[in-house]
Every structure is written in C-alpha cells, then in structure tokens.
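Residue-level listing of the chains:
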Amino acid sequence: MNTKLGALALVGASAVVLAGCAGGSGAAPSEPETGDLTVWLVGADTPQTARDYLKETFESENEGWTLTIEEKTWADVSDTYTAALSSNDAPDVVEVGNTQALGFADAGLFADLSDIEGDLGAGADDLLPGLVDAGTYDGALYAAPYYAGGRIVFYSPEVVGDAVPETLEDYVAEGIALTTDTVSGIYAPGKDWYNALPYVWAYGGEIAVADGDTWDAQLSSPESVAGLELLQSVYTDASVAPVDGNERLGNIAFCAGEVGFLSSPAWAASNITGDWPWGDEAAGEEVSEGCPDTFGKDLAAFALPGLEAGETAPIFAGGSNVAVATKSDAPAKAKAALTIMLSEGYQQLLAEQGLTPGILSAAQYLPDTPIATAQAEALANSKFTPTSPNWAEVEAAQIIPDALVKIAQGGDVTQIATELDAAIEAILNG
C-alpha cells in the first residue's frame, strides 16, 4: 500500500519494477534440480503469517528447494532494483509498486506470466482488475496483482466530534476551523502527492491524458487548478505539517493529539491503535506503539468526500504487484512460488490484515470493520496514474512533490502547474 508507492532508477529511457519484455518468460536451458529461491518483499506490509505460509508451502511442494524472503525498502525499489534484476545474481520473485510496473516491463526485466495466468487465484477473471492493468504490458501480463490499498480519512471523535463532513469543501473548512499553531486540522505535508491527487480529480482535472502516441499534461487546466487552489488553502490554513515533509510520520502526530483529520492507507490504522499485526521486528520508523488508550481508542474513518454530498472524491488506487525476474535461474520454480502468493490460502492472510487482496475470491476475508468499510467505499471511486512506461521516471524525478512544496509555500498555482505540465510532457513524450 503504499504508498507505498516510490519511483525507480531507469535503464535507458525508463525502468520501473514490473514487467519484462515479450518473450522474457523462457526458462533457462537447464533449470537446477535443487536450490534456494529468493523472494523480495517491500516493507512490512506482508504479515509474518503469509511469509511463513509461502515458505512452508513452497518447500513442501518442491523437494530439495528452500525459499528465502528478503525484505527491501521502497528506496531499494527506486535505487537498486534495476541493477539487481539486470545482474547474473538476480532475485527470483519481486514485489513492486503498481505505478512502477510498466517501466520494468518496458525495460525487459520481468518474465511474461501468460502461461500461468489461468492458474492464479481461481483463474484470470479472479484477478483484481486495476492491478491487472498495472501489470499488463503490450497485451501480456508481466506482474500479477498482489494487494491493493486506498487512503481513507482517520479521526478521533475526541478531537473532531462525531460529525463527518459531507463535501470536500466542508472537509477543508472543518480542517481550517480545527487548526491551531500546534494542531493540523488536516495533516498535509507538502510532498504527499498521493493525497493531493483527489483534489485535482474531484474537480474533473487530470495529471495527463493520451492523445494518440502523445501525452498531454493537464495539471494547468482550469479544473485541475481549481482543485490545486483548494489544496493550497489546506496547506496554508489547515496544516502545520512540514511543508517539505512527506506523509510517513503522520501517525506519530495523530497520537500526539496534533491532528484532526489524517488521510492515510487503511492498513495504517494499526500504527494508531497499536494493534500492529506483523511483529516489532517488521516495524519501520513510521511505526509507533500507537495510542490505544487515547486518540486510537475509538479510531474512526470515512472515505474522502467529493464535491457533492453523497459522493466520494476519486482517490489514488495504490498497491503492489509481484513478478518473476527475467534473469531468474529457476523461472519455473519462481512461477510456482508466485502461484502460491496468488492462492486463496495466502491471499486470505493478507485480507485478514486489512489489505485488499489481489484476487477477488479472497475479499470475503476482509475484516468486517468500519475502517474496512470506509476503504471499500473509497476504492470504489479510484483512479490511477498515467499508464506510460515512462511514468516511473516522472516519479523518480520528484517533480510533482517539488511542485506541491512550491504551492504549499504560497506560490502561484497556475504558473507552478504550467511549469509542471511541461516537465511531465518532456518525460512522458521523451
């Protein structure tokens, strides 16, 4: 979840962590009979129960083989994946952010999964459609859906009361009213671009749209500017979060009683309630002991509202995909491991921790909680970043966060958006 969702170093014109070029699924001439399969997972989102399930199931079904899971960071995805996947010591199975998929596919670093697509979950129709799109390159699947997540708005009734804002403008107005010198009515650090997108989309704006083979960036359109101007009022009047900061430590401020509304992935509820299911050994710096006795005690959440009452604002559909490295020296075994990761038994363990599973048949195992309900409502109106193989380069260049920092500092929105459009087009059409 992302957020989980970072960018990645490029090979040639582009590189993201996802698919491989056509024909990349061919097995090595002589695949070893025994060995150790290496699986790279990013961050602590995958619960230990699922990690154990994968290792135990794979090793029981593949005599003479062991499976080793290595945990990477989103910075690794951006900075080291390309070199590792290009080497003769490549990992076998890797997790990547869904926005990174097309770049890795275009760079030829992932194997074609078409031959096992029907074996994933209950079949191809069981795969989460949005993440299928993220993992599909040139008509073939190169990275399978792993899990999805959506941002919802957390709040403590003790801080903001029980009333839920009906519209996006009501939400901003209430956030402004809650703000003091030390309290962010809406926690909005300047570099948190995933939480900025709903403001653009709610007003009918877009990041960029394809016109034939050309991408037309549209953040300077009247619709996008209207959303960015509302966002600017959040930065300047409803938030005391670091202007040049990111969203990672929002839960810490929330538990300090310094936040009214916190938009964060649904799984992050554990960082507030203290019910962190993965164990302390998996906790990163953004994970705290929570505040189960204070602001996390009656934690509540809602889907970000849209412009009209009864509507939700479109949110970014975050998540991860999993792929087999083109240079795996045991591609058949790697595909066997990936098939386990897309099985109902494995995906159930993800769902039980609040991660929207990559297969539709496992959605029945999602918790029946208000937070899970809010996430489902939010994801029902979700959008994706431009589906260009060059999109990862846009993320890697950090031009969107940098532009948002300028907006948060009170800069001219139209001018900043116009300059950003030119930079996006230069990359997408380069």
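None of the values given here were measured: they were computed from a predicted structure.

A.B. asks: Help me get a handle on the pattern of salt bridges, residues and values and all.
C.D. replies: Per the counting criterion, the structure on display carries 6 salt bridges. The partner of Arg51 in a salt bridge is Glu71, with the nearest N and O atoms 3.1 Å apart. Of this pair, Arg51 sits in helix H1 (residues 48–61) while Glu71 sits in strand E2 (residues 65–72); the two residues are 20 residues apart in sequence, bridging distant segments of the chain. The partner of Lys55 in a salt bridge is Glu59, with the nearest N and O atoms 2.6 Å apart. On the criterion of helical spacing, the pair formed by Lys55 and Glu59 is a turn pair, its members being 4 residues apart in helix H1.

A.B. asks: Give me the pairing of strand E3 (residues 93–97): which residues, what numbers.
C.D. replies: In terms of burial, E3 is largely enclosed, as 5 of its 5 residues are buried. The side-chain alternation of E3 yields two buried faces, one formed by Val93, Glu95 and Gly97 and the other by Val94 and Val96. Note: strand E1 (residues 35–42) against E3, 2 bridges, orientation parallel. The partner of Trp40 across the bridge, within E3, is Val94. By the bridge criterion, 5 bridges tie E3 to strand E14 (residues 318–324) in an arrangement that is antiparallel. Along E14, the bridge assignment pairs Val93 with Val324.

A.B. asks: Please set out the sheet that holds strand E11 (residues 259–265) residue by residue, giving values where relevant.
C.D. replies: The 4 strands are arranged E8-E11-E7-E12 in an open sheet whose pairing can be described as mixed. Edge positions in the open sheet fall to strand E8 (184–186) and strand E12 (300–302), since each of these has one partner strand only. Neighbouring strand axes in the sheet, compared pairwise and without regard to direction, differ in orientation by 40 degrees on average. Alignment of strand E7 (residues 151–155) against E12, held across 3 bridges, turns out to be antiparallel. Residue Val153 lies in a different strand from E12, and its bridge partner there is Phe302.

A.B. asks: Go over the sheet that holds E14 with me, naming the residues and quoting the values.
C.D. replies: Strand order in the open sheet formed by 6 strands is E2-E1-E3-E14-E6-E15, and the pairing between neighbours is mixed. Every interior strand has two partners, whereas the edge strands, E2 and strand E15 (356–357), have only one. Its contacts with the sheet place H1 against E1 and E2, and it is angled at close to 160 degrees to E2. The strands touched by helix H12 (residues 331–341) are E1, E2, E3, strand E6 (144–149) and E14; relative to E14, the strand with the most contacts, the crossing angle is about 150 degrees.

A.B. asks: For the packing of aromatic side chains, give the residues involved together with the corresponding values.
C.D. replies: Within this structure, the stated rule accounts for 16 aromatic pairs. With centroids separated by 5.2 Å and ring planes inclined at 35 degrees, the aromatic side chains of Tyr171 and Phe261 adopt a geometry described as tilted. Taken together, the residues Tyr171 in helix H7 (residues 168–178) and Phe261 in strand E11 connect sequence positions 90 residues apart. The residues Tyr171 and Phe261 share a single accessibility class, namely buried. Taken together, the ring pairs in this structure connect Trp193, Tyr194, Phe316, Phe384 and Trp391 into an aromatic cluster. For the cation-ring pair, Lys72 lies above Trp40, with the distance from its terminal atom to the ring centre recorded as 4.3 Å.

A.B. asks: With reference to specific residues and values, describe helix H16 (residues 399–408).
C.D. replies: Counting buried positions along H16 yields 8 of 10 residues, so the element is predominantly enclosed. Among the residues of H16, Ile399, Ile400, Pro401, Ala403, Leu404, Val405, Ile407 and Ala408 are the ones counted as buried. As for H16, its buried residues are in contact with helix H9 (222–237), helix H15 (391–397) and helix H17 (413–428). Phi for Gly410, located one or two positions after H16, is positive at around 95 degrees.

About the criteria used
- Residues numbered from 1 in each chain as written.
- Predicted model: local features only at pLDDT ≥ 70, side-chain atom pairs only at ≥ 80, totals over all residues.
- Heavy atoms only, no water.
- Salt bridge = Lys/Arg side-chain N within 4 Å of Asp/Glu carboxyl O.
- Helix = DSSP H or I, 4+ residues; strand = E, 2+ residues; numbered from the N terminus.
- Buried < 20%, exposed > 50% of the residue type's maximum accessible area, 1.4 Å probe, protein only.
- Pairing = 2+ DSSP bridges.
- Axes fitted to C-alpha atoms, helices over the stretch in contact; angles between N-to-C directions.
- Contact = heavy atoms within 4.5 Å.
- Phe/Tyr/Trp six-rings, centres within 6.5 Å; stacked < 30°, edge-to-face > 60°.
- Lys NZ or Arg CZ within 6 Å of the ring centre and 35° of its normal.

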